[in-house]
Structures are given as structure tokens and as C-alpha cells.
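This is what each chain is made of:
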Amino acid sequence: MPASDEVDRIVDAWLRERPDLNFAPLQVLSRVGRLSKHLDRARRTAFSRSELESWEFDVLSALRRAGHPYELSPKMLLLQTLVSSGTMTNRIDRLVERGLVTRRTDPNDGRGILVGMTSGGLTRVDAAITRLVDAEAELLATLSAADQERLAGLLRKLSLDFD
């Protein structure tokens, strides 16, 4: 059994004070919460080194995953980034101002708009995802490939009801 961590100490204290409760959920979700803080820090660092905010990365990475020519409608972008229409409009405006995306009329629908990534946006999002993958690999370095796969499967199972 690995060494005790802070969650073990917290749960032990609760068990001492409230032995009538089942603290199994705390054993799992407190660790997920603590790891989330480390992941957030790694993401902020990866994005800031690429001169991007997290929300900018979200939009640019949706465009990058769409494949060449890296264009999506605002509606597709908001579906992929889970933000409101007003928020997406504001984000697109700000990315246009920074020269990371462009807007153009959809040639297949004269009323529609396509948001496209510029070469500067492509350079930044590619740098950010490279840094992010490296940082996330470091966070998981103590787990074997088999453990990482098993953990990914368990987390996927847990998150399916939320997606």
C-alpha cells in the first residue's frame, strides 16, 4: 500500500469524529478535486507560455480538431465549448481583434458565418497542446501505462452520465 496522503489524514479524522458515515466517496472525489487543482495549474502554465487564455485555447483547439481549413460555424463552436451564444460572440470578437481567427460569410449559406483560424492561431494552439500534453504526462508519470489506461476507463465510466 502506498504512503498516506492528505486525503487519508482527512478521512481518518472524519472517521474518528463521525464513524456513522461512509467516507468512501471522499476517498475518491477529494483526490479528483485535488488533482484538478494541479491540472488547472499545468494548463494555465501551458497556455500562458503560448500567450493564450484557457478560453482562447478552447475555441482554437475546436477549430484545430475540425481539420483543414480549420473553420466552424459559431453554433458548432458553442456546442463544442459549452458556452452561450452571447459568450461565443464575445470570444470570437476578441480572437478576431488578436488576429487569431477570422470571420467570413459561409459560401454554402449566405446568411451563415464561418470562423477560421489564422496561421498565428494555428501556431499558438499547436504550441499550447504540445506543452499541455507534456505537462499532463508529467502529472501521470508515477502511473504505468496500464494504470493510466485503467484509470482513464474508470473516469470515463464515471463521467458518462455528465456528458
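Residues numbered from 1 in each chain as written. Predicted model: local features only at pLDDT ≥ 70, side-chain atom pairs only at ≥ 80, totals over all residues. Heavy atoms only, no water.

You'll find the protein entered in an unreviewed UniProt entry as MarR family transcriptional regulator TamR, with Leifsonia kafniensis given as the organism.

**Focus: the overall build of the protein**
Here is the rule we go by: The helix and strand labels rest on DSSP assignments: H or I over at least four residues marks a helix, E over at least two residues marks a strand, and numbering proceeds from the N terminus. As defined in this context, the radius of gyration uses C-alpha atoms, and a globule is described by 2.2 Å times the residue total to the power 0.38. For every residue, the accessible area obtained with a 1.4 Å probe (protein chains only) is divided by the maximum for its type, and the residue is called buried under 20%, exposed over 50%, and partly exposed between those limits. We call two residues in contact whenever any of their non-hydrogen atoms come within 4.5 Å of each other.
When helices and strands are tallied, the protein shows seven helices and three strands. Its helices and strands in sequence order give the protein the pattern α-α-α-β-α-α-β-β-α-α, from N to C terminus. On C-alpha atoms alone, the protein measures out to a radius of gyration of 21 Å, which is more than a quarter above the 15 Å that the 2.2 N^0.38 rule sets for 163 residues. Along the three orthogonal principal directions, the C-alpha set of the protein runs to about 65 × 30 × 25 Å. Relative to its full complement of 163 residues, the protein shows a buried share of 25%. The contacts in the protein between residues at least 6 apart in sequence include a share of 51% that link residues at least 24 apart.

**Focus: helix 2 (residues 24–49)**
Counted only if it meets this: The span you would expect from a helix comes to 1.5 Å times its residue count less one.
Between its first and last C-alpha, helix 2 extends 38 Å over 26 residues, near the 38 Å set by a 1.5 Å rise per residue. Of the residues making up helix 2, those classed as buried are A42, A46 and F47. Note on helix 2: the residue one or two positions beyond its end, E51, has a positive phi of about 55°.

**Overview of the sheet that holds strand 2 (residues 101–106)**
To be explicit about the condition: The pairing criterion is simple: DSSP has to find at least two bridges between the two strands. Interaxial angle, 0 to 180 degrees, is taken between N-to-C directions of lines fitted to C-alpha atoms, where a helix line uses only the stretch in contact.
Read from one edge of the open sheet, three strands run 1-3-2, paired in antiparallel fashion. Where the open sheet ends on each side, the last strands, each with one partner, are strand 1 (71–72) and strand 2. The pairing of strand 2 with strand 3 (residues 109–117) spans six bridges and is antiparallel. Within strand 3, the position partnered with R104 by the bridge is L114. Sheet contacts for helix 3 (residues 54–65): strand 1, strand 2 and strand 3; angle to strand 3, the most-contacted strand, approximately 105°.

**Re the packing of aromatic side chains**
Operational definition: Only the six-membered ring of Trp is used, alongside the rings of Phe and Tyr, when aromatic pairs are assigned; centres must lie within 6.5 Å, and planes under 30 degrees apart are stacked while those over 60 apart are edge-to-face, with the rest tilted.
What the rule picks out here adds up to two aromatic pairs. Note on F47 and F57: the rings are 4.3 Å apart at their centroids and 20° apart in plane angle, and the pair reads as stacked. Placement of the pair is F47 in helix 2 and F57 in helix 3, with a sequence separation of 10 residues. Taking relative accessible area as the criterion, F47 reaches 3% and is therefore assigned buried. Relative accessible area serves as the criterion here: at 7%, F57 is assigned to the buried category.

**Some details on the packing of helix 1 (residues 6–17) against helix 2**
The cut-off we apply is this: An angle counts as roughly parallel when it lies under 35 degrees, as roughly antiparallel when it exceeds 145, as roughly perpendicular when it falls between 65 and 115, and as oblique in every other case. Whether a crossing is left-handed or right-handed is set by the direction in which the near helix is turned from the far one by less than a right angle, anticlockwise for left-handed and clockwise for right-handed. Three classes are used: nonpolar for Ala, Val, Leu, Ile, Met, Phe, Trp, Tyr, Cys and Pro, charged for Asp, Glu, Lys and Arg, and polar for all others, with Gly counted as polar.
Taken N-terminus to C-terminus, the directions of helix 1 and helix 2 make an angle of 140°; their axes are 10 Å apart at the nearest point. Taken together, the axis directions place helix 1 and helix 2 in an arrangement best described as oblique. At the point where helix 1 passes helix 2, the crossing takes the right-handed sense. Packed against helix 1, whose contacting residues are E6, V7, D8, I10, V11 and W14, the element helix 2 presents L26, Q27, S30, R31 and R34 at the interface. Partitioning the contact of helix 1 with helix 2 into residue classes produces five nonpolar, two polar and four charged.

**Focus: the packing of helix 3 against helix 5 (residues 85–97)**
Here helix 3 crosses helix 5 at 90°, and the two axes come no closer than 11 Å. One finds that helix 3 runs roughly perpendicular with respect to helix 5. Contacts between helix 3 and helix 5 involve W55, E56 and V59 from the former and M88, R91, R94 and L95 from the latter. Across the contact of helix 3 with helix 5, the residue classes tally to four nonpolar, no polar and three charged.

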